[in-house]
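Summary of structural features
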Amino acid sequence: MQDLGIRVLFEGSNLLRLLGGLWITVKIALISVAISFVLGIFLGIIMTFKNPVTKAITRLYLEFVRIMPQLVLLFLVYFGLTRAFNINLSGQLSAIIVFVVWGTAEMGDLVRSALISISKHQYESGTALGLTNLQVYRYIIIPQTVRRLLPLSINLMTRMVKTTSLIVLIGVVEVLKVGQQIIEANRYTAPSGALWIYGTIFLLYFIVCFPISRLAGRLEKRWMN
Amino acid sequence: MKKLKRILSSALVLILAITLFAGCGAAGSSSADSSAAKTSSAGNTAAGTARSLEDIKSSGKVIIGVFSDKAPFGYVDEKGAYQGYDVYFANRIGKDLGVDVEFVSVEPASRVEYLKTGKVDIILANFTVNEERAQSVDFALPYMKVALGVVSPDKSLITDVAQLNGKTLIVAKGTTAETYFTKNHPEVKLLKFDQYTETYNALLDGRGDAFSTDNTEVLAWALQNKGFKVGIESLGSLDTIAPAVQKGNTGLLNWLNDEIKTLGKENFFHKNFEETLAPVYGDAVDPDSLVVESGVVEK
């Protein structure tokens, strides 16, 4: 039976289907990451404002998203919107919305912490040199923030890639689900197929996440000098 | 900087307002379940109302929720096409409606929700009929039945519950088999395990005299393991499996019921069994222990 397992992987278009599932995973993750990183930076800046109203609102938003499991958010957007307002979104669009809402909140908090970690004298020295507020941000604060932000945001990015395995519950068939379909379809003929399929999926996730971490490591090193 | 601040703040407030609004709306809707059913008769503009029979026909496709990882009932083959007992029936429904079938892959936990929001027209995903579910969806006539089965070694095959008296029966925790034997046959000694693989291993090792769980499951297993046979194919309370539609979608429900009755005349589900289940179960299974024709369940 042992040698039968790997056969499952190459039967029909199984491997192609796995790659197709991976594409859906990567597509949703990348779109969400791109949007939420941009929005997150703005949110992070807003979070550092001293204004009590923006503080309360951003705090509420962040806590709401943090407390809610992503699965609940997915159900709220996919099923909830349809029930409440008859807005019928596709599973993929719902997934992207949820990931953006979640990613923006998390990213915003990372940006906020990176911003406040830059000591006050950096701002003051900039102003003393006669720079405007915008210039202080552009030339002093943001470059330093980005360097501190990088490892944290890469972590968030890989987390978002991995969390896409939840979206199968709103009917989006991504790489993990395709894998389970293949395993189940061959449950009686090749019981050891599961190991091969899960192994392949592990490899696919690795192929996606590893270059991201490597790139981040490289950038970090380059900026050190 | 001030201007930027103001723009950002107002944009943020807007986004948040929308999100919160959506959140509250959705949370409130769970209490409005019953009203969704009522409004469905009032008109099609209400939120998440299922499509009527006419809507489906004029749109040219019926959307059916099936499992994509429950072989041999609903699964995806190596070419990426949906297959299985449920799917075979779904394709026939499409053919008789004169429309294309669009399959949606559903999970056990989200089946009811798909119907409630009208995201699928019919659920055909091994949906066991029970009281609780019948309150939120409408079940059509059954097309399959499941009961408990008992598998034991050929050498000391158990064909009657009475034979189990004083013997050790293996069950998996939390299954209907555990509940059934604890309640109805306290004289049988139970050996309980958390996982299915453990139960099968225990049976192979001879730690118990027999093993009981859903008959579809033991039948398929016995086929793969020489020296074991399912001596009791149908035991305990008989559960039926039926198509489900959104509550209040009477037009589609009636059509489905008529369809199942009509198909019964040509023994459609026996043919379905031959095509989809027989390759897995072979001759080991009597089709009549699983298949229900015309929605009539015989004990």
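- The name that an unreviewed UniProt entry assigns to chain B is Family 3 extracellular solute-binding protein, with the source organism given as Ruminiclostridium cellobioparum subsp. termitidis CT1112.
- The record held by UniProt for chain B lists under Sequence similarities (unreviewed entry) the comment "Belongs to the bacterial solute-binding protein 3 family."

- Within an unreviewed UniProt entry, the label attached to chain A reads ABC transporter, permease protein, and the organism entered is Ruminiclostridium cellobioparum subsp. termitidis CT1112.
- The UniProt entry for chain A carries the following text under Sequence similarities (unreviewed entry): "Belongs to the binding-protein-dependent transport system permease family."

1. What about the overall build of chain B?
- The secondary structure content of chain B amounts to 11 helices and 13 strands.
- Taking the intrachain contacts of chain B between residues at least 6 apart in sequence as the baseline, contacts between residues at least 24 apart amount to 71%.

2. Here we look at the sheet that holds strand S3 (residues 74–76) of chain B
- The strand order across the open sheet built from 3 strands is S2-S3-S4 (chain B), with neighbouring strands paired in antiparallel fashion. The two strands at the open ends of the sheet, each matched to only one other strand, are strand S2 (69–70) and strand S4 (82–83) of chain B.
- Looking at chain direction, S3(B) and S4(B) are connected through 2 bridges and run antiparallel. Paired with B:Val76 across the bridge in S4(B) is B:Tyr82.
- The sheet contacts of helix H8 (residues 175–185) of chain A involve S2 and S3 of chain B, and relative to S3(B) the element is tilted by about 110°.

3. Let's talk about the domain arrangement of chain B
Residue and element names in this part refer to chain B.
- The domain architecture assigned to chain B consists of domain 1 (46–143 + 242–289) and domain 2 (147–239).
- Relative to domain 2, the C-alpha centre of domain 1 lies at a distance of 30 Å.
- Facing the 9 residues of domain 1 at the interface are 8 residues of domain 2.
- A per-class count over the side of domain 1 that touches domain 2 returns 5 nonpolar, 3 polar and 1 charged.

4. So, unusual backbone geometry
Residue and element names in this part refer to chain B.
- Positive phi outside glycine occurs at Asn 267, with the angle close to 55°.
- Looking at Asn 267, the number of C-beta atoms within 10 Å reads 15, which means it is partly exposed.
- Of note in the backbone geometry, Ser 294 takes a positive phi value of approximately 55° without being a glycine.
- Residue placement: Ser 294 occurs in the segment after helix H11 (268–281).
- With 18 C-beta atoms packed within 10 Å, Ser 294 lands in the partly exposed category.

5. Let's talk about the interface of chain B and chain A
- Taken together, the contact between chain B and chain A spans 36 residues of the former and 36 residues of the latter.
- Those elements that provide at least two residues to the side of chain B that touches chain A are helix H1 (2–29), S2, S3, strand S5 (100–105) and helix H9 (215–224) of chain B.
- Here the side of chain B that touches chain A takes 12 residues from H1(B), the largest share from any one element.
- Per-class residue counts for the side of chain B that touches chain A are 15 nonpolar, 12 polar and 9 charged.

6. Things to note about the nonpolar core
- By size, the foremost hydrophobic cluster in this structure holds 140 residues, and its most contacted members are A:Ala95, A:Val98, B:Ile64, B:Val66, B:Ile123, B:Val151 and B:Val245.
- Looking at this core, the element that brings in the most residues is helix H5 (residues 91–116) of chain A, giving 14 residues.
- Each of domain 1 (46–143 + 242–289) and domain 2 (147–239) of chain B accounts for three or more of the residues forming this core.
- Those residues within four positions of B:Ile64 in sequence are excluded, and the remaining contacts are B:Ala90, B:Val101, B:Phe103, B:Val120, B:Asp121, B:Ile122 and B:Leu124.

7. What to know about the sheet that holds strand S13 (residues 244–246) of chain B
Residue and element names in this part refer to chain B.
- Ordered in space as S5-S1-S6-S13-S7, the 5 strands form an open sheet in which the pairing is mixed. The sheet terminates laterally at S5 and strand S7 (137–139), the two strands that pair on one side only.
- Strand direction decides the pairing type here: S7 and S13, joined by 3 bridges, are antiparallel. Within S13, the residue paired with Val 137 across the bridge is Gln 246.

8. Describing the pairing of strand S9 (residues 168–172) of chain B
All names here are of chain B.
- The element S9 is extensively covered by neighbouring structure, given that 4 of its 5 residues are classed as buried.
- Direction of pairing for S9 relative to strand S10 (residues 189–193): parallel, over a ladder of 5 bridges. Within the sheet, the bridge partner assigned to Ala 172 lies in S10 and is Phe 193.
- Since S9 and S10 lie parallel, the crossover through helix H7 (residues 176–184) that links them has a hand, and here it is right-handed.
- The pairing of S9 with strand S11 (residues 210–214) spans 2 bridges and is parallel. Within S11, the residue paired with Ile 170 across the bridge is Phe 211.

Cut-offs and rules
- Residues numbered from 1 in each chain as written.
- Chains lettered and ligands numbered in written order.
- Predicted model: local features only at pLDDT ≥ 70, side-chain atom pairs only at ≥ 80, totals over all residues.
- UniProt positions renumbered as here; feature names shortened; annotations may be inferred.
- Helix = DSSP H or I, 4+ residues; strand = E, 2+ residues; numbered from the N terminus.
- Contact = placed C-beta atoms within 7 Å.
- Pairing = 2+ DSSP bridges.
- Axes fitted to C-alpha atoms, helices over the stretch in contact; angles between N-to-C directions.
- Domains from an automatic or database assignment.
- Nonpolar A, V, L, I, M, F, W, Y, C, P; charged D, E, K, R; others polar.
- Buried ≥ 20, exposed ≤ 12 C-beta atoms within 10 Å, placed from the backbone.
- Core = buried A, V, L, I, M, F, W, Y, C linked by C-beta atoms within 7 Å.
- Right-handed = clockwise from strand over helix to strand, strands pointing away.

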